[in-house]
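Each chain, letter by letter, is given below.
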Amino acid sequence: MRARTAAEQAACPACGTASARVHSRYVRRLADSAVGGRPALIELRVRRFRCSQQGCLQATFAEQVDGLTFRHGRRSAGLQTVLERVAVMLAGRAGSRLAHALAAKVSRSTLLRLIRRLQDPETSTPRVLGIDDFALRKGHNYGTILLDIETHQPVDLLPDRATATVARWLAEHPGVEVICRDRSTAYAEAGRLGAPDAVHVAVRWHIWSNLAEAVEKTVVQHRALLREPQVAVIATAAEALEGLDLDLAPAARAGDPSGGRGRWWERPPGPAWGVSLCCASSCRLPRAHSRVRCPASAPRGNGGTNGAVHNS
């Protein structure tokens with residue numbers, strides 16, 4: 001696709017002065033969004049103007065077409081916007097594969113460069129702030145991530161998790177009313193110094209995690225005090241199994257035209273219905289009980305009881 005500009009003058013990007021003095025002409029080749037699944041290329045003939053402002057540091061400049069070109073760009077503005085969105089959503093390799101499907105061949109490195117060139121969005125100080133650490137290199141370097149709990153969006157990243165760094169950020173961004181954090185003393189001290197009026201809330205996950213760690217540590221320390229199961233209890237469980245009637249064969253199975261090859265719960269009781277040798281040995285049952293049919297394997301309403309045999 002070939003095109004040329006029709007404007008009589010253009011504005012200098014340095015001083016903003018309009019100029020009609022043409023210095024030279026040249027052809028720009030711009031990749032555009034695909035048309036009918038095929039890549040599109042625009043050959044645009046543009047002009048270079050002389051700046052008429054005597055004190056301007058830029059002697060010449062190239063004209064730009066609004067909505068189509070930008071400085072030093074080899075793609076149209078529309079295609080550039082599409083690739084930026086793909087890069088933000090999918091990043092490198094995955095974004096590159098999607099771009100190839102859209103007939104816009106770019107490498108993963110190009111998409112990562114597009115992300116780095118994007119300006120950080122403007123964010124306001126959140127009312128409810130979440131503070132947590134993350135590993136830059138696990139076991140060595142850690143940073144701090146700040147989140148807006150109400151919008152679930154990241155606010156800022158700090159290079160470390162030191163008290164002074166977090167306190168400085170809170171002092172520079174007044175307005176935080178609630179701080180959600182773990183039970184770290186460093187973040188507690190940072191909140192006290194940077195936002196003394198904020199209410200501190202412990203994250204539920206950290207509370208449960210700390211509780212589980214404390215319980216596990218206590219159980220390990222007092223493991224010797226835990227009693228082994230008594231032999232009498234095991235013998236009672238064995239006697240209870242002997243008295244159970246666990247036959248799953250319904251009376252109607254005798255007239256089954258499929259010869260026992262129907263649905264799995266309608267098949268005759270056999271070795272597949274038995275309790276495993278491992279289960280029998282754990283209950284210290286005689287070998288004769290190693291094939292007790294387990295009613296827990298039968299579905300409800302198909303001839304089986306809704307009970308289960310548990311190890312004691």
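The coordinates are above.
Residues numbered from 1 in each chain as written. Predicted model: local features only at pLDDT ≥ 70, side-chain atom pairs only at ≥ 80, totals over all residues. Heavy atoms only, no water.

A. View of the pattern of salt bridges. Inspection of the entire model under this criterion finds 7 salt bridges. A salt bridge links Arg127 to Glu150, with the nearest nitrogen and oxygen atoms 2.7 Å apart. Here the residue Arg127 occupies a position in the loop between helix H3 (108-117) and strand S7 (128-137), and Glu150 occupies one in the loop between strand S8 (141-148) and strand S9 (153-158), the gap between them amounting to 23 residues. For Glu150, a relative accessible area of 45% puts it in the partly exposed group. For Arg192, the salt bridge identified is with Glu189, shortest N-O distance 2.3 Å. Of the two residues, Arg192 and Glu189 both sit in helix H5 (residues 185-194), 3 residues apart, roughly one turn of that helix. Here Arg192 falls in the partly exposed class, since its relative accessible area comes to 49%. For Glu189, a relative accessible area of 30% translates into the label partly exposed. (Salt bridge = Lys/Arg side-chain N within 4 Å of Asp/Glu carboxyl O. Helix = DSSP H or I, 4+ residues; strand = E, 2+ residues; numbered from the N terminus. Buried < 20%, exposed > 50% of the residue type's maximum accessible area, 1.4 Å probe, protein only.)

B. Inspection of the sheet that holds S7 at higher detail. The mixed open sheet is built from 5 strands, whose spatial order is S9-S8-S7-S10-S11. Whereas interior strands pair on both sides, the edge strands pair on one side only; in this sheet they are S9 and strand S11 (199-202). Taking each pair of neighbouring strands and ignoring which way they run, the sheet shows an average axis angle of 30°. Examined bridge by bridge, S7 and strand S10 (residues 178-181) share 3 bridges and lie parallel to one another. (Pairing = 2+ DSSP bridges. Axes fitted to C-alpha atoms, helices over the stretch in contact; angles between N-to-C directions.)

C. Just the side chain of Asp148, in detail. Examined against the element boundaries, Asp148 turns out to sit in strand S8. Excluding its chain neighbours within four sequence positions, the residues that come into contact with Asp148 are Pro126, Val128, Gln153 and Val155. (Contact = heavy atoms within 4.5 Å.)

D. Inspection of helix H1 (residues 77-90) at higher detail. Over its 14 residues, H1 extends 20 Å from the first C-alpha to the last, a length consistent with the 20 Å expected when each residue adds 1.5 Å. When H1 is considered as a whole, its buried residues turn out to be Leu79, Gln80, Leu83, Val86 and Ala87. All buried residues of H1 lie within an arc of 125° about the axis, which places them on one face of the element. In H1, the exposed positions that point more than 90 degrees away from the buried face belong to Arg85, Val88 and Met89. With its phi angle positive at about 65°, Ala91 sits one or two positions after the end of H1. (Expected span 1.5 Å × (residues − 1). Arc of directions from axis to C-beta.)

E. Molecular detail of the pairing of strand S5 (residues 38-50). Sheet topology note: the strand S1 (residues 2-4)/S5 ladder contains 3 bridges and is parallel. Across the sheet, Arg2 pairs through a bridge with Glu43, a residue of S5. Two elements, strand S4 (residues 22-35) and S5, share 11 bridges in a ladder whose sense is antiparallel. By the bridge assignment for S5, Ser24 is matched with Arg48. The turn linking S4 back onto S5 is made up of 2 residues, and Gly36 within it adopts a positive phi angle of 65°.

F. Highlighting the nonpolar core. Judged by nonpolar contacts, the single largest core of 15 residues is most densely connected at Leu129, Ile131, Leu146, Val166, Trp169, Leu170 and Ile179. Put simply, the parts of the chain that give this core at least two residues each are S7, S9, helix H4 (163-172) and H5. With 4 residues, the single largest contributor to this core is H4. The residues contacting Leu170, other than those within four sequence positions of it, are Leu129, Val176, Ile179, Ala190, Gly191, Gly194 and Ala195. Ranked by size, the runner-up nonpolar core spans 8 residues in total, among them Leu79, Leu83, Ala104 and Leu114. (Core = buried A, V, L, I, M, F, W, Y, C linked by side-chain atoms within 4.5 Å.)

G. Up close: the side chain of Thr144. In this fold, Thr144 is placed in strand S8. Here the side chain of Thr144 touches Tyr187 through a polar contact of 2.9 Å, side chain to side chain. Setting aside its immediate chain neighbours within four residues, Thr144 contacts Ile131, Asp132, Asp133, Phe134, Asp156, Leu157, Leu158, Asp160, Arg161, Val166 and Tyr187. (Polar contact = N/O pair within 3.5 Å; in protein donor to acceptor, adjacent residues only side chain to side chain.)

H. Just H4, in detail. Taken together, the buried positions of H4 are Thr165, Val166, Ala167, Trp169 and Leu170. Here the buried face of H4 lies against S7, S8, S9, S10 and H5.

I. Expanded view of unusual backbone geometry. Of note in the backbone geometry, Ala103 takes a positive phi value of approximately 60° without being a glycine. Considering the arrangement of structural elements, one finds Ala103 in the loop between helix H2 (93-101) and H3. Here the phi dihedral of His152 falls at roughly 60°; this positive angle occurs in a residue that is not glycine. Along the chain, His152 turns up in the loop between S8 and S9.

J. Examining the packing of H1 against H3 more closely. Two elements in contact, H1 and H3, have axes separated by 9 Å at closest approach and are oriented at 95°. The orientation of H1 with respect to H3, classified from their angle, is roughly perpendicular. On the side of H1, the interface is formed by Gln80, Leu83, Glu84, Ala87 and Val88, while H3 contributes Leu111, Leu114 and Ile115. A breakdown of the residues in the contact of H1 with H3 according to their chemical character gives 6 nonpolar, 1 polar and 1 charged. (Parallel < 35°, antiparallel > 145°, perpendicular 65-115°, else oblique. Nonpolar A, V, L, I, M, F, W, Y, C, P; charged D, E, K, R; others polar.)

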